[in-house]
Amino acid sequence: LQLEGYTGAYNSVQRYVKSWKAAKRVIKTAYIPLVFEPGDAYQFDWSEETVQIAGKVQKVKVAHFRLSHSRKFFLIAYLRESQEMLFDAHNKAFSFFGGLCRRGIYDNMKTAVTSIFVGKERLFNRRFLALMDHYLLEPVACSPAAGWEKGQVENQVDNVRDWIFRPRLKFSSLEALNTHLVEQCELITNERKHPDIKDKTIAEVFNDEAANLLALIHPFEAYKEVNVRVSSTCLINYDRNRYSVDCAYANKAVCVRAYADCIVVYADDKKIGEHPRQFGRDHTLF
(Lines give C-alpha, C1' and ligand atoms only; values in the text may rest on other atoms or scores of the structure.)
Protein backbone atom coordinates (compact mmCIF):
# COMPACT_ATOMS: atom_id res chain seq x y z
CA LEU A 1 0.00 0.00 0.00
CA GLN A 2 2.92 2.39 0.77
CA LEU A 3 4.35 1.71 -2.68
CA GLU A 4 0.98 2.87 -4.03
CA GLY A 5 1.29 6.13 -2.08
CA TYR A 6 -0.53 5.23 1.19
CA THR A 7 0.77 7.35 4.11
CA GLY A 8 -1.50 6.06 6.92
CA ALA A 9 -0.74 3.65 9.79
CA TYR A 10 -0.92 -0.14 9.80
CA ASN A 11 -3.61 -0.06 12.55
CA SER A 12 -5.83 2.07 10.32
CA VAL A 13 -5.72 -0.62 7.64
CA GLN A 14 -6.54 -3.28 10.24
CA ARG A 15 -9.58 -1.38 11.48
CA TYR A 16 -10.82 -0.81 7.94
CA VAL A 17 -10.39 -4.47 6.94
CA LYS A 18 -12.22 -5.60 10.10
CA SER A 19 -15.22 -3.35 9.40
CA TRP A 20 -15.21 -4.32 5.71
CA LYS A 21 -15.30 -8.04 6.56
CA ALA A 22 -18.11 -7.46 9.05
CA ALA A 23 -20.17 -5.67 6.40
CA LYS A 24 -19.58 -8.40 3.83
CA ARG A 25 -20.09 -11.36 6.16
CA VAL A 26 -22.87 -13.71 5.06
CA ILE A 27 -25.47 -13.94 7.79
CA LYS A 28 -26.56 -17.56 8.13
CA THR A 29 -30.24 -18.29 8.66
CA ALA A 30 -31.19 -18.77 12.29
CA TYR A 31 -33.75 -21.35 13.44
CA ILE A 32 -35.78 -21.55 16.61
CA PRO A 33 -35.72 -25.10 18.04
CA LEU A 34 -39.25 -26.51 18.13
CA VAL A 35 -40.38 -28.38 21.24
CA PHE A 36 -43.61 -30.41 21.32
CA GLU A 37 -45.56 -31.56 24.34
CA PRO A 38 -46.92 -35.16 24.41
CA GLY A 39 -49.99 -35.42 22.19
CA ASP A 40 -49.50 -31.92 20.80
CA ALA A 41 -48.85 -32.45 17.08
CA TYR A 42 -47.96 -34.76 14.23
CA GLN A 43 -46.17 -33.90 10.99
CA PHE A 44 -47.15 -35.15 7.52
CA ASP A 45 -45.43 -35.42 4.15
CA TRP A 46 -45.42 -37.46 0.93
CA SER A 47 -42.46 -39.17 -0.72
CA GLU A 48 -42.03 -41.04 -3.99
CA GLU A 49 -40.31 -44.42 -3.88
CA THR A 50 -39.48 -47.09 -6.47
CA VAL A 51 -40.58 -50.66 -5.69
CA GLN A 52 -41.37 -53.88 -7.55
CA ILE A 53 -44.98 -55.06 -7.31
CA ALA A 54 -46.10 -58.30 -8.97
CA GLY A 55 -42.90 -58.33 -11.02
CA LYS A 56 -43.33 -54.76 -12.30
CA VAL A 57 -40.98 -51.94 -11.25
CA GLN A 58 -43.02 -48.83 -10.52
CA LYS A 59 -43.19 -45.70 -8.41
CA VAL A 60 -45.47 -45.46 -5.38
CA LYS A 61 -46.49 -42.50 -3.25
CA VAL A 62 -45.75 -43.01 0.45
CA ALA A 63 -47.65 -41.07 3.12
CA HIS A 64 -45.44 -40.26 6.14
CA PHE A 65 -46.80 -39.45 9.60
CA ARG A 66 -44.61 -38.64 12.61
CA LEU A 67 -45.63 -37.84 16.18
CA SER A 68 -43.60 -34.74 17.02
CA HIS A 69 -42.99 -35.63 20.68
CA SER A 70 -42.26 -39.36 20.68
CA ARG A 71 -41.08 -39.60 17.03
CA LYS A 72 -43.17 -42.74 16.44
CA PHE A 73 -43.95 -42.88 12.72
CA PHE A 74 -46.32 -44.53 10.27
CA LEU A 75 -45.99 -45.25 6.54
CA ILE A 76 -48.50 -46.34 3.92
CA ALA A 77 -48.06 -46.56 0.13
CA TYR A 78 -50.52 -45.72 -2.65
CA LEU A 79 -50.46 -45.55 -6.43
CA ARG A 80 -51.76 -41.96 -6.33
CA GLU A 81 -51.19 -38.84 -4.25
CA SER A 82 -54.81 -37.75 -4.63
CA GLN A 83 -57.22 -36.50 -1.99
CA GLU A 84 -58.98 -39.80 -1.30
CA MET A 85 -55.56 -41.38 -0.64
CA LEU A 86 -54.72 -38.53 1.74
CA PHE A 87 -57.95 -39.12 3.68
CA ASP A 88 -57.46 -42.90 3.80
CA ALA A 89 -53.89 -42.44 5.04
CA HIS A 90 -55.13 -40.31 7.95
CA ASN A 91 -57.66 -42.95 8.97
CA LYS A 92 -55.02 -45.68 8.87
CA ALA A 93 -52.42 -43.57 10.72
CA PHE A 94 -54.73 -42.58 13.57
CA SER A 95 -55.80 -46.21 13.96
CA PHE A 96 -52.13 -47.24 14.07
CA PHE A 97 -51.33 -44.67 16.79
CA GLY A 98 -54.50 -45.52 18.69
CA GLY A 99 -55.40 -41.87 19.24
CA LEU A 100 -55.28 -38.30 17.99
CA CYS A 101 -53.04 -35.28 18.42
CA ARG A 102 -54.41 -31.75 18.68
CA ARG A 103 -52.65 -30.35 15.60
CA GLY A 104 -51.41 -31.55 12.23
CA ILE A 105 -48.47 -29.82 10.50
CA TYR A 106 -48.44 -29.85 6.68
CA ASP A 107 -46.77 -28.22 3.72
CA ASN A 108 -48.92 -26.29 1.24
CA MET A 109 -50.03 -29.30 -0.83
CA LYS A 110 -52.88 -28.71 -3.27
CA THR A 111 -55.03 -31.48 -1.79
CA ALA A 112 -55.20 -29.45 1.45
CA VAL A 113 -54.50 -25.77 0.70
CA THR A 114 -56.44 -23.77 -1.89
CA SER A 115 -54.86 -20.32 -1.33
CA ILE A 116 -51.83 -18.98 0.58
CA PHE A 117 -52.17 -15.58 2.27
CA VAL A 118 -49.84 -13.48 4.43
CA GLY A 119 -48.09 -15.28 7.29
CA LYS A 120 -49.85 -18.46 8.40
CA GLU A 121 -53.23 -17.55 6.92
CA ARG A 122 -54.53 -20.21 4.52
CA LEU A 123 -57.70 -21.07 2.68
CA PHE A 124 -57.96 -24.82 3.18
CA ASN A 125 -59.75 -27.14 0.78
CA ARG A 126 -63.38 -27.77 1.81
CA ARG A 127 -63.06 -31.57 1.97
CA PHE A 128 -59.74 -31.37 3.81
CA LEU A 129 -61.39 -29.12 6.40
CA ALA A 130 -64.16 -31.70 6.71
CA LEU A 131 -61.45 -34.25 7.62
CA MET A 132 -59.96 -31.87 10.21
CA ASP A 133 -63.37 -31.04 11.67
CA HIS A 134 -64.30 -34.70 11.88
CA TYR A 135 -61.25 -35.44 14.04
CA LEU A 136 -61.30 -32.02 15.80
CA LEU A 137 -57.78 -31.25 14.58
CA GLU A 138 -56.17 -27.86 13.98
CA PRO A 139 -54.38 -27.84 10.60
CA VAL A 140 -51.13 -25.84 10.52
CA ALA A 141 -49.51 -25.05 7.17
CA CYS A 142 -45.77 -24.31 7.00
CA SER A 143 -44.48 -21.05 5.58
CA PRO A 144 -43.50 -21.41 1.89
CA ALA A 145 -39.93 -22.74 1.50
CA ALA A 146 -39.65 -23.30 5.27
CA GLY A 147 -39.44 -27.07 5.46
CA TRP A 148 -37.69 -26.84 8.83
CA GLU A 149 -41.09 -26.10 10.37
CA LYS A 150 -41.80 -29.81 9.87
CA GLY A 151 -38.18 -30.86 9.83
CA GLN A 152 -38.75 -34.15 11.64
CA VAL A 153 -40.83 -35.67 8.88
CA GLU A 154 -38.59 -34.09 6.21
CA ASN A 155 -35.63 -35.96 7.72
CA GLN A 156 -37.74 -39.07 8.09
CA VAL A 157 -38.30 -39.21 4.33
CA ASP A 158 -34.54 -39.44 3.72
CA ASN A 159 -33.89 -41.83 6.60
CA VAL A 160 -36.71 -44.22 5.72
CA ARG A 161 -35.50 -44.38 2.14
CA ASP A 162 -32.19 -45.77 3.45
CA TRP A 163 -33.66 -47.88 6.26
CA ILE A 164 -36.52 -49.54 4.38
CA PHE A 165 -36.55 -48.90 0.62
CA ARG A 166 -32.94 -49.84 -0.12
CA PRO A 167 -32.35 -52.33 -1.62
CA ARG A 168 -35.50 -52.14 -3.76
CA LEU A 169 -38.51 -53.82 -2.15
CA LYS A 170 -40.28 -56.63 -4.04
CA PHE A 171 -43.82 -57.72 -3.15
CA SER A 172 -46.70 -59.52 -4.82
CA SER A 173 -49.19 -56.72 -4.13
CA LEU A 174 -49.56 -53.23 -2.71
CA GLU A 175 -51.30 -54.75 0.33
CA ALA A 176 -48.29 -56.97 1.04
CA LEU A 177 -45.99 -53.94 0.72
CA ASN A 178 -48.06 -51.98 3.24
CA THR A 179 -48.06 -54.89 5.69
CA HIS A 180 -44.26 -54.87 5.49
CA LEU A 181 -44.11 -51.09 6.02
CA VAL A 182 -46.18 -51.33 9.22
CA GLU A 183 -43.93 -54.11 10.51
CA GLN A 184 -40.85 -51.98 9.81
CA CYS A 185 -42.40 -48.97 11.59
CA GLU A 186 -42.84 -51.08 14.72
CA LEU A 187 -39.40 -52.70 14.45
CA ILE A 188 -37.50 -49.43 13.99
CA THR A 189 -39.30 -47.57 16.80
CA ASN A 190 -38.68 -50.51 19.15
CA GLU A 191 -34.94 -50.50 18.38
CA ARG A 192 -33.97 -46.85 17.94
CA LYS A 193 -33.21 -44.51 20.82
CA HIS A 194 -35.16 -41.28 21.15
CA PRO A 195 -32.97 -38.36 19.95
CA ASP A 196 -33.72 -36.19 23.02
CA ILE A 197 -34.61 -38.68 25.76
CA LYS A 198 -31.56 -40.82 25.15
CA ASP A 199 -32.15 -43.41 27.87
CA LYS A 200 -35.41 -44.53 26.22
CA THR A 201 -36.36 -45.98 22.87
CA ILE A 202 -38.91 -44.24 20.63
CA ALA A 203 -41.43 -46.96 21.53
CA GLU A 204 -40.95 -46.33 25.27
CA VAL A 205 -41.47 -42.58 24.85
CA PHE A 206 -44.56 -43.28 22.74
CA ASN A 207 -45.98 -45.46 25.52
CA ASP A 208 -45.79 -42.38 27.77
CA GLU A 209 -47.25 -40.12 25.08
CA ALA A 210 -50.16 -42.46 24.33
CA ALA A 211 -51.93 -41.39 27.53
CA ASN A 212 -52.01 -37.80 26.19
CA LEU A 213 -53.55 -38.66 22.82
CA LEU A 214 -57.20 -37.83 22.31
CA ALA A 215 -59.63 -40.73 22.06
CA LEU A 216 -60.00 -42.25 18.60
CA ILE A 217 -63.43 -41.89 16.96
CA HIS A 218 -65.01 -43.63 13.96
CA PRO A 219 -63.09 -43.20 10.68
CA PHE A 220 -63.71 -40.31 8.32
CA GLU A 221 -65.59 -41.11 5.09
CA ALA A 222 -62.44 -41.07 3.00
CA TYR A 223 -63.75 -40.40 -0.50
CA LYS A 224 -63.51 -37.79 -3.22
CA GLU A 225 -66.87 -36.94 -4.81
CA VAL A 226 -67.47 -35.90 -8.42
CA ASN A 227 -70.50 -35.73 -10.71
CA VAL A 228 -70.38 -37.54 -14.06
CA ARG A 229 -72.80 -38.60 -16.80
CA VAL A 230 -73.56 -42.24 -17.57
CA SER A 231 -72.95 -43.17 -21.22
CA SER A 232 -75.50 -44.81 -23.48
CA THR A 233 -73.62 -48.09 -22.87
CA CYS A 234 -74.22 -47.76 -19.10
CA LEU A 235 -70.61 -46.83 -18.25
CA ILE A 236 -69.13 -43.98 -16.26
CA ASN A 237 -65.61 -42.65 -16.83
CA TYR A 238 -63.40 -41.91 -13.83
CA ASP A 239 -59.63 -41.47 -13.70
CA ARG A 240 -59.22 -42.77 -17.28
CA ASN A 241 -61.08 -46.01 -16.56
CA ARG A 242 -64.69 -47.14 -17.13
CA TYR A 243 -67.13 -48.73 -14.68
CA SER A 244 -70.60 -50.14 -15.33
CA VAL A 245 -73.75 -49.02 -13.48
CA ASP A 246 -77.43 -49.98 -13.41
CA CYS A 247 -78.78 -49.79 -16.98
CA ALA A 248 -81.78 -47.72 -15.83
CA TYR A 249 -79.44 -44.72 -15.41
CA ALA A 250 -78.01 -44.56 -18.95
CA ASN A 251 -77.54 -40.95 -20.14
CA LYS A 252 -78.22 -39.55 -16.65
CA ALA A 253 -76.07 -37.55 -14.24
CA VAL A 254 -74.77 -39.53 -11.24
CA CYS A 255 -72.42 -39.04 -8.29
CA VAL A 256 -69.11 -40.94 -8.03
CA ARG A 257 -67.45 -41.49 -4.66
CA ALA A 258 -63.85 -42.52 -5.23
CA TYR A 259 -62.18 -44.30 -2.29
CA ALA A 260 -58.59 -45.51 -2.13
CA ASP A 261 -59.62 -49.06 -3.05
CA CYS A 262 -63.06 -48.85 -4.65
CA ILE A 263 -65.48 -46.79 -6.75
CA VAL A 264 -69.11 -46.36 -5.58
CA VAL A 265 -71.74 -44.71 -7.80
CA TYR A 266 -74.94 -43.11 -6.47
CA ALA A 267 -78.06 -41.66 -8.06
CA ASP A 268 -80.47 -39.84 -5.72
CA ASP A 269 -78.75 -41.44 -2.70
CA LYS A 270 -79.26 -44.93 -4.18
CA LYS A 271 -76.18 -47.07 -4.84
CA ILE A 272 -76.23 -48.09 -8.53
CA GLY A 273 -72.70 -49.48 -8.93
CA GLU A 274 -69.62 -50.52 -6.96
CA HIS A 275 -66.27 -51.77 -8.25
CA PRO A 276 -62.68 -52.31 -7.10
CA ARG A 277 -60.60 -49.22 -7.90
CA GLN A 278 -58.57 -49.50 -11.10
CA PHE A 279 -55.33 -47.65 -11.84
CA GLY A 280 -53.49 -47.17 -15.08
CA ARG A 281 -55.87 -46.40 -17.95
CA ASP A 282 -58.43 -47.89 -20.34
CA HIS A 283 -59.67 -50.60 -17.95
CA THR A 284 -63.38 -51.49 -18.12
CA LEU A 285 -65.18 -53.22 -15.25
CA PHE A 286 -68.66 -54.65 -15.78
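That block above? That's the structure.
First, a word on scope: everything that follows refers to the structure included in this document. All values reported here derive from a predicted model rather than from experimental measurement. (Residues numbered from 1 in each chain as written. Predicted model: local features only at pLDDT ≥ 70, side-chain atom pairs only at ≥ 80, totals over all residues. Heavy atoms only, no water.)

1. Considerations on the packing of aromatic side chains
Heads up, the condition is: Only the six-membered ring of Trp is used, alongside the rings of Phe and Tyr, when aromatic pairs are assigned; centres must lie within 6.5 Å, and planes under 30 degrees apart are stacked while those over 60 apart are edge-to-face, with the rest tilted. For helices the rule is a DSSP run of H or I covering at least 4 residues; for strands it is a run of E covering at least 2, with both sets numbered from the N terminus onward. Burial classes: relative accessible area under 20% of the type maximum marks a residue as buried, over 50% as exposed, and values in between as partly exposed (1.4 Å probe, protein chains only).
Under the counting rule described, the total for this entry stands at 16 aromatic pairs. Residues Y42 and Y106 carry aromatic rings whose centres are separated by 5.9 Å and whose planes lie at 90° to one another, so their mutual orientation is edge-to-face. With Y42 in strand β1 (residues 41–53) and Y106 in strand β4 (residues 103–106), this residue pair connects regions lying 64 residues apart in the sequence. Note on accessibility: Y42 and Y106 belong to one class, buried. Centre to centre, the rings of F74 and F96 are 5.0 Å apart; their planes meet at 35°, and the pair counts as tilted. Linking F74 in strand β3 (residues 73–78) with F96 in helix α2 (residues 83–97), this pair joins segments that are 22 residues apart in sequence. Note on accessibility: F74 and F96 belong to one class, buried.

2. Details of the sheet that holds strand β11 (residues 241–244)
Quick note on the threshold: Two strands pair under a simple rule: DSSP has to find at least two bridges between them.
Pairing is mixed in the open sheet, where three strands are placed in the order β10-β11-β15. The open sheet is flanked by β10 (235–238) and β15 (284–285), the only strands paired with a single partner. The pairing of β10 with β11 spans four bridges and is classified as antiparallel. Following the sheet pairing, Y238 is matched in β11 by N241.

3. What about the pattern of salt bridges?
The line we're drawing: One side-chain nitrogen of Lys or Arg within 4 Å of one carboxyl oxygen of Asp or Glu is enough to make a salt bridge.
Counting across every chain of the model gives 19 salt bridges. Put simply, E81 and K61 hold a salt bridge, and the shortest N to O gap is 3.8 Å. One end of the pair, E81, is in the loop between β3 and α2; the other, K61, is in strand β2 (residues 56–67), and 20 residues separate them in sequence. Salt bridges sharing common partners tie together D45, D107, K150 and E154.

4. Describing the side chain of Q43
Put simply, the test is: The definition of a polar contact used here is a pair of N or O atoms within 3.5 Å, where within protein one atom must be able to donate a hydrogen and the other to accept one, and adjacent residues in sequence count solely through side-chain atom pairs. Note on contacts: a residue pair is in contact if any heavy atoms of the two residues lie within 4.5 Å.
Residue position: Q43 is located in strand β1. Of the polar contacts made by the side chain of Q43, one reaches the backbone nitrogen of Q152; its length is 3.3 Å. A polar atom in the side chain of Q43 sits 3.2 Å from the backbone nitrogen of V153. Not counting chain neighbours up to four residues away, the residues in contact with Q43 comprise F36, H64, F65, R66, S68, I105, K150, G151, Q152 and V153.

5. Topic: the sheet that holds strand β9 (residues 224–229)
Our working definition: Each axis is a line fitted through C-alpha atoms, taken for helices only over the stretch in contact, and angles between the N-to-C directions span 0 to 180 degrees.
Reading across from one edge, β9-β12-β13-β14 is the order of the four strands in this open sheet, with antiparallel pairing throughout. Edge positions in the open sheet fall to β9 and β14 (270–276), since each of these has one partner strand only. Taking each pair of neighbouring strands and ignoring which way they run, the sheet shows an average axis angle of 25°. Pairing of strand β13 (residues 262–267) with β14 involves six bridges; the strand directions are antiparallel. Pairing of I263 across the sheet is with H275, part of β14.

6. Overview of α2
Basically, it comes down to this: Under the convention used throughout, the expected extent of a helix is 1.5 Å for every residue step, that is, one less than its residue count.
Here α2 spans 21 Å end to end across 15 residues, near enough to the 21 Å set by a 1.5 Å rise per residue. Of all 15 residues in α2, 13 are buried, a share of seventy percent or more. Immediately downstream of α2, the backbone of G98 shows phi near 75°, a positive value.

Take it as geometry only, folks, not as evidence of what the structure does.
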